[in-house]
Structures are given as C-alpha cells and as structure tokens.
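Observations on the three-dimensional arrangement
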Amino acid sequence: MITTAKHEVHTVRVVDVSSERTTANHLKALVLSVMKDVEGNWKATVVAITSDASGESRAARKRLVDEFPWLVAPDCFAHQINLVVGDYYKVPSTSLFIQYTKKATDLITWLRSKTIVLSMLRDIQKALNLANPSQTQRVLGVICAVLTRWTVHYLTFQRLLDLRATLDILVDVPSCIRMLTHIGPLALAVNFAQAAHCRLDEVLIILGYLISKYLSLLETTTSPDDQIGLRAIIDSLEKRWSKCDQTVFIAAVILNPLYKAKPFAQIRQFTTAGITSLLLKLWQWFQSSPVPESLRKEILDYLQDRGDYKCFSEWAEGEQNAAETQRERPDPLRMYKGIRFPDKPLSPLQMLAQRIFSICANSASCEWLFSLFGLILTKLRSRLALEKMLDLAELRLHLQDEYMRRGSVKDRLRCPRHIIPDPLPPQNKDPTTMASSDEITPEITPETNRFDSDSDENSLTSIAEALGQCSELDDAEDPAATFTLIFEQIQLQQLFNFSDDTWTKLMERIGMRSLDDKLEFYELVELDAEGEADNQTFDDMMSSTVS
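Source: prediction; values computed, not measured.

Right, let's get into the overall build of the protein chain. The secondary structure content of the protein chain amounts to 24 helices and 2 strands. Relative to its 547 residues, the protein chain shows a buried fraction of 48%. The long-range share in the protein chain, meaning contacts at least 24 apart out of those at least 6 apart in sequence, stands at 76%. Accessible surface, the protein chain as shown: approximately 28000 Å² in total, 53% of it carbon and sulfur.

Tallied over the entire structure, the rule returns 15 salt bridges. For arginine 329, the salt bridge goes to glutamate 202, with nearest N and O atoms at 3.5 Å. With arginine 329 in the loop between helix H14 (312-325) and helix H15 (332-337) and glutamate 202 in helix H9 (residues 200-220), this residue pair connects regions lying 127 residues apart in the sequence. Through salt bridges with shared partners, a single network forms among Asp87, Lys90, Lys239 and Arg240.

One can describe the packing of helix H6 (residues 150-162) onto helix H21 (residues 460-475) by two numbers: an axis separation of 10 Å at closest approach and a directional angle of 140 degrees. In terms of their interaxial angle, H6 and H21 are classed as oblique. The handedness of the crossing between H6 and H21 comes out as left-handed. Contacts between H6 and H21 pair Trp150, His153 and Phe157 from the former with Leu460, Ile463 and Leu467 from the latter.

Let us look at the packing of helix H11 (residues 246-255) against helix H12 (residues 272-287). Across the interface, H11 lies against H12 with an axial gap of 11 Å and an inter-helix angle of 120 degrees. H12 is crossed by H11, and the crossing has left-handed handedness. Judged by residue contacts, Thr247, Val248, Ile250, Ala251, Ile254 and Leu255 of H11 engage Ile275, Leu278, Leu279, Leu282, Trp285 and Phe286 from H12. For the contact of H11 with H12, a count of residues per class yields 11 nonpolar, 1 polar and no charged.

Turning our attention to the packing of aromatic side chains. Each pair of aromatic rings is reported with the distance of its centres and the angle of its planes. In the structure shown here, the tally under the stated rule is 16 aromatic pairs. Look at phenylalanine 264 and phenylalanine 270: their rings are 4.4 Å apart centre to centre, the planes differ by 5 degrees, and that puts the pair in the stacked class. Neither phenylalanine 264 nor phenylalanine 270 differs from the other in exposure class; each is buried. For the pair tryptophan 285 and phenylalanine 286, a centre-to-centre distance of 5.3 Å together with 20 degrees between the ring planes defines the contact as stacked. Given a relative accessible area of 4%, phenylalanine 286 falls into the buried group.

All right, on to the environment of leucine 392 then. Inspection of the secondary structure puts leucine 392 in helix H18 (residues 386-406). Overall, the relative accessible area of 36% leaves leucine 392 in the partly exposed class. If sequence neighbours within four positions are ignored, leucine 392 has contacts with Ile376, Arg381 and Leu384.

Our focus in this paragraph is the environment of lysine 310. For lysine 310, the location among the structural elements is in the loop between helix H13 (293-304) and H14. In this structure lysine 310 comes out as exposed when scored by relative accessible area, which is 57%. Here the alpha-carbon distance between lysine 310 and isoleucine 339, two residues 29 residues apart in the chain, equals 9.9 Å.

Looking now at the confidence of the model for the protein chain. Mean pLDDT over the protein chain: 78, with 78% of residues reaching 70 or higher. Element-level pLDDT for the protein chain is lowest in helix H20 (residues 437-440), with a mean of 36, against a maximum mean of 94 in H11. Segment residues 413-454: pLDDT under 50, and 73 contacts once partners within four positions in sequence are set aside and those in other chains are kept. Predicted confidence is poor over residues 528-547, with pLDDT under 50, and the contacts of this stretch with residues over four places away or in other chains come to 43 contacts.

A word on helix H3 (residues 77-89). Taking 1.5 Å per residue as the helical rise, H3 with its 13 residues ought to reach 18 Å, and the 19 Å between its terminal C-alpha atoms agrees with that figure. The element H3 is largely enclosed, with a buried count of 12 among its 13 residues. Regarding H3, the residues found buried are Phe77, Ala78, Gln80, Ile81, Asn82, Leu83, Val84, Val85, Gly86, Asp87, Tyr88 and Tyr89.

To continue, consider the side chain of threonine 94. Relative to the helices and strands, threonine 94 resides in the loop between H3 and helix H4 (95-112). Here threonine 94 falls in the buried class, since its relative accessible area comes to 1%. There is a polar contact of 3.3 Å between the side chain of threonine 94 and the backbone oxygen of tyrosine 89. From its side chain, threonine 94 meets the backbone oxygen of valine 91 in a polar contact 2.7 Å long.

What counts, and at which threshold
- Residues numbered from 1 in each chain as written.
- Predicted model: local features only at pLDDT ≥ 70, side-chain atom pairs only at ≥ 80, totals over all residues.
- Heavy atoms only, no water.
- Helix = DSSP H or I, 4+ residues; strand = E, 2+ residues; numbered from the N terminus.
- Buried < 20%, exposed > 50% of the residue type's maximum accessible area, 1.4 Å probe, protein only.
- Contact = heavy atoms within 4.5 Å.
- Areas by Shrake-Rupley, 256 points an atom, 1.4 Å probe, with all protein chains shown as cover.
- Salt bridge = Lys/Arg side-chain N within 4 Å of Asp/Glu carboxyl O.
- Axes fitted to C-alpha atoms, helices over the stretch in contact; angles between N-to-C directions.
- Parallel < 35°, antiparallel > 145°, perpendicular 65-115°, else oblique.
- Left-handed = near helix turned anticlockwise from the far one by under 90°.
- Nonpolar A, V, L, I, M, F, W, Y, C, P; charged D, E, K, R; others polar.
- Phe/Tyr/Trp six-rings, centres within 6.5 Å; stacked < 30°, edge-to-face > 60°.
- pLDDT = per-residue confidence, 0-100.
- Expected span 1.5 Å × (residues − 1).
- Polar contact = N/O pair within 3.5 Å; in protein donor to acceptor, adjacent residues only side chain to side chain.

Shown next as structure tokens:
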C-alpha cells in the first residue's frame with residue numbers, strides 16, 4: 001500500500017506468499033517490483049519504505065537503503081510503542097497489576113449480564129447530572145474489551161474507574177489507578193501513532209512527550225516497584241529511538257512551522273549553523289545533486305521569520321486553530337501551500353518539506369487490510385479468490401472513508417431502540433443473605449510466575465505476553481541492520497527542552513481528543529449488546545452491590 005502527501009491511502013498490490021519462503025531477498029524483490037509499478041504506471045516518486053520490525057522485513061529495508069541511499073526506511077512506530085508496553089509488562093512488579101485486571105474484567109462481565117444493575121447505574125448518573133447542571137451531562141456505560149488490542153483494555157478499565165463511586169467495594173481501585181497512570185500516556189501515543197498517515201515529526205514529538213511524562217512520574221513516585229516499571233519504559237523508549245534514522249525525524253520537527261527548534265534543547269546541533277548544515281546534508285542525501293544557492297538563504301529566512309516566511313508563523317497558528325476546530329490534525333503541507341502561488345514551482349526548502357512530510361511512519365493501513373481479509377475469508381467463504389477478496393476489502397475501506405468524510409459514522413452506529421429497560425420495581429432483599437465486602441474481595445498476593453494461565457487470547461494477560469515476546473525478538477536483531485545516520489545519535493533525554501511544555505501540551509490536546517473519540521466509538525458499538533438474560537433476582541454479589 002502507498003500513502004501520499006495528501007494523506008491518501010491506495011492499495012498497489014497484494015501478493016499471496018503462503019506457498020513461498022519469506023526471506024529478506026524475496027521481500028526486497030517484491031518491494032522493487034512495486035516501486036517499479038508505482039513510478040512507471042502511477043507516475044509517483046517513492047521516498048520511503050515502512051514496515052514492521054521483524055528480522056526479515058528490517059533486513060529487506062536495510063538492503064533497499066543500501067541500493068537506493070535516498071530512501072528513508074522507518075520502523076512502524078505503532079508497533080514500536082506496543083513493544084514499549086511489552087517491556088513494561090516484563091517487569092516482575094507488574095504481575096500484581098495483571099491479576100487485578102483479571103478481577104476487573106470479571107466484574108465488567110458480571111455487570112453487563114445484570115440489566116437491572118446497568119439500569120440503576122444509569123439512573124444514578126441521571127440524578128447526579130440533575131444535581132450538577134453546570135457539569136458535563138453524561139451517562140456512561142460499562143464497556144467490555146473484546147478486541148486483541150491493549151488500548152481497548154485500557155479504555156475499558158478507565159471507564160470502570162469513571163464509575164468508581166458505586167463500584168469501589170468490588171475492585172482494588174488504587175492498583176488500577178497506578179497501572180492506568182503508567183500505561184495511560186502509551187495508550188494516547190499508540191492511538192496517535194496508528195493513524196492512517198502518521199508523520200515523522202509526530203512520532204518524535206510523541207516520543208518526547210512520553211519521555212517528559214515518565215521522567216516526571218519517576219521524580220514523584222516513592223514506590224520502588226513503580227520506579228522499576230517507569231525506568232523500564234524510559235529505557236525501552238530510548239532503545240526504540242536509537243534504531244531510527246534520527247536525522248530525518250529531527251528535520252521533520254524543524255520543518256514543521258508549529259515547532260521549528262522550540263522543542264529541542266539548546267545544544268550545538270540546534271544552533272542556526274547546526275540546523276542549516278543538517279538540512280543541506282539532507283538535500284544532498286535525497287536529491288544526489290549539488291545544493292542550490294538559494295537553499296541556504298531560504299533556511300535562514302524560515303528560521304528567522306523574514307523574507308517569504310515573514311508571516312509564516314502567524315499563518316501556521318491560524319491553520320492549527322482551524323484544524324482543531326474541525327477536530328483534525330494540523331497539516332504542515334497545507335501551511336506551506338498557503339505561502340506560495342499555485343502556478344509557481346516549489347522552492348528547494350518546500351521540496352524538502354514535501355518529501356519528508358510525505359513519509360508515513362507506520363504500516364497500520366496494511367494491518368487494517370489484513371484484518372479485513374480475515375473478516376471476509378471465513379469458513380463459509382473459504383474459496384474466495386485473492387482478486388475478489390481485495391475488491392471487497394477496498395470497497396469497505398472506501399465506504400468507511402466516505403462515512404468519515406461526511407461525519408456520519410456515529411449516526412450510523414447509533415441504535416434507535418432502548419437497550420437497557422426502564423428500572424423494574426424494587427425487590428425485597430433479605431438482609432441475612434447479604435455478603436460482606438471481605439467475602440467479595442479476597443486478598444490477592446503476587447505469584448511466583450509472571451502471569452497466570454489464561455486461554456482467552458483477548459485478555460490483557462495474553463496480549464502482554466505476546467508483546468513481551470515481540471520485544472525480545474526485536475532486541476535479538478542483527479546490530480548490522482542499523483541504518484546510517486548523518487550525525488551522531490542523541491538520547492531523547494538530552495534531545496528535548498522539557499522546561500517549555502507548550503509543544504507537549506499541543507500533542508496531548510490533540511491525542512486526548514482522538515482517544516476520547518475512540519472511547520465514544522466503542523461505547524456506541526457496545527450499545528448493541530444487551531447483556532445476558534437474567535431472572536431479575538438478587539444473588540449474593542448483586543445484593544452486596546446495591547445495598
């Protein structure tokens with residue numbers, strides 16, 4: 001699949017390799033064939049190759065970069081952030097959190113099977129809304145995680161904590177809060193990084209935001225176990241960053257007019273001379289041609305807000321405000337488009353910006369396509385040819401894009417019928433049958449093994465184990481597969497200026513809005529689940545809950 005500078009995603013070719021051995025050389029030959037097709041038939045220029053970080057994929061990208069030095073070959077950063085989560089759950093002290101998540105999942109399953117309890121929760125929230133008219137009027141539902149994504153479990157537990165006022169006797173709230181505090185920034189980051197078109201500057205700002213958050217948590221926490229978990233996350237982030245083409249990521253942030261050099265520390269690489277040298281070397285790397293005489297002056301005009309870029313900062317801020325009003329991400333290429341005439345060719349700096357901002361730093365679109373294939377090719381439809389399956393998947397993706405463009409996705413998900421019935425008349429409860437909270441909430445102690453056995457592949461336990469294994473495989477890769485950098489590597493902790501939090505707040509504001517939209521989407525989907533039928537009678541757990 002290819003992504004364009006206009007954030008368009010197109011499927012070029014799908015190859016069935018089930019009967020072939022997928023080696024690095026084989027994958028390289030397939031990519032070369034696609035590149036030839038794109039440049040010959042599509043009349044487009046390939047500027048980057050992105051894939052997951054598996055051994056063969058990374059080796060194939062390394063060989064492509066050796067043959068075509070102007071290519072950029074980033075890892076899929078949606079996957080890289082998931083590996084950070086895997087490193088976190090490999091810390092022994094997190095085994096207690098995993099045990100409490102099982103308990104919270106059991107509670108969610110039980111709540112969703114009792115329609116009378118769901119109805120009571122709804123009525124309590126309505127009463128609280130009437131008592132506090134100045135606050136946001138919301139009636140929250142209980143969401144169940146049914147997907148193999150750890151972010152769904154995070155949102156599920158976060159919703160459970162939103163309902164903690166009536167549920168804190170059934171779940172260890174402090175342990176859940178500690179875990180969600182640790183993985184919350186990662187949930188925001190991975191949701192940001194798995195967008196259909198995630199730019200390089202967004203990835204680096206995400207990494208800076210995460211480092212800033214976890215360094216702050218590390219300074220304030222007093223628990224040794226929490227400090228070990230937080231340090232594991234910081235070390236994992238540094239490890240993922242050390243494998244990147246750092247120069248291109250840094251240049252992407254500098255060429256974004258919303259940031260320029262503001263997020264970075266005051267080190268020699270980010271003086272005017274250092275930035276100019278960096279961009280000039282990138283031009284030579286990408287274009288394999290002498291640097292134009294006008295590029296140096298244009299870089300200085302851009303950094304100092306003069307010449308053709310005199311009003312560029314104000315224009316960029318206006319574009320940012322307009323994008324946030326429409327609940328979209330600010331697009332740097334749209335900002336650059338506003339300072340040039342349509343009939344004029346791109347200036348050298350604008351050509352460099354267009355090339356860098358065209359690079360997508362994830363392979364999420366391919367994963368979505370493969371997921372659709374899994375939904376289409378079923379036991380009842382097992383002989384579907386590859387061409388037909390691809391046509392059906394593309395049709396579904398195009399329809400989804402059209403619904404997103406019209407803003408009608410949520411309307412299509414809303415169901416006109418009432419899912420939870422009106423409250424039934426109160427039932428008489430026998431006080432002698434009520435169980436105490438001690439009977440409901442037995443004490444949980446850490447086990448000697450990392451995780452309990454769990455046959456459910458959708459559970460957080462299974463997801464954490466899988467991510468941990470992927471992280472170990474990523475650590476075992478050949479060091480020779482590291483890509484060449486223009487200048488020396490810089491650790492994230494030395495790269496950023498954490499005293500200025502304006503850039504982190506911008507990223508957090510956009511990311512939280514995206515995460516809230518996902519939570520609302522899951523809640524709309526959950527409206528179609530009425531829960532298991534019950535006899536509207538009180539058992540011991542229900543009596544203790546509503547008493």
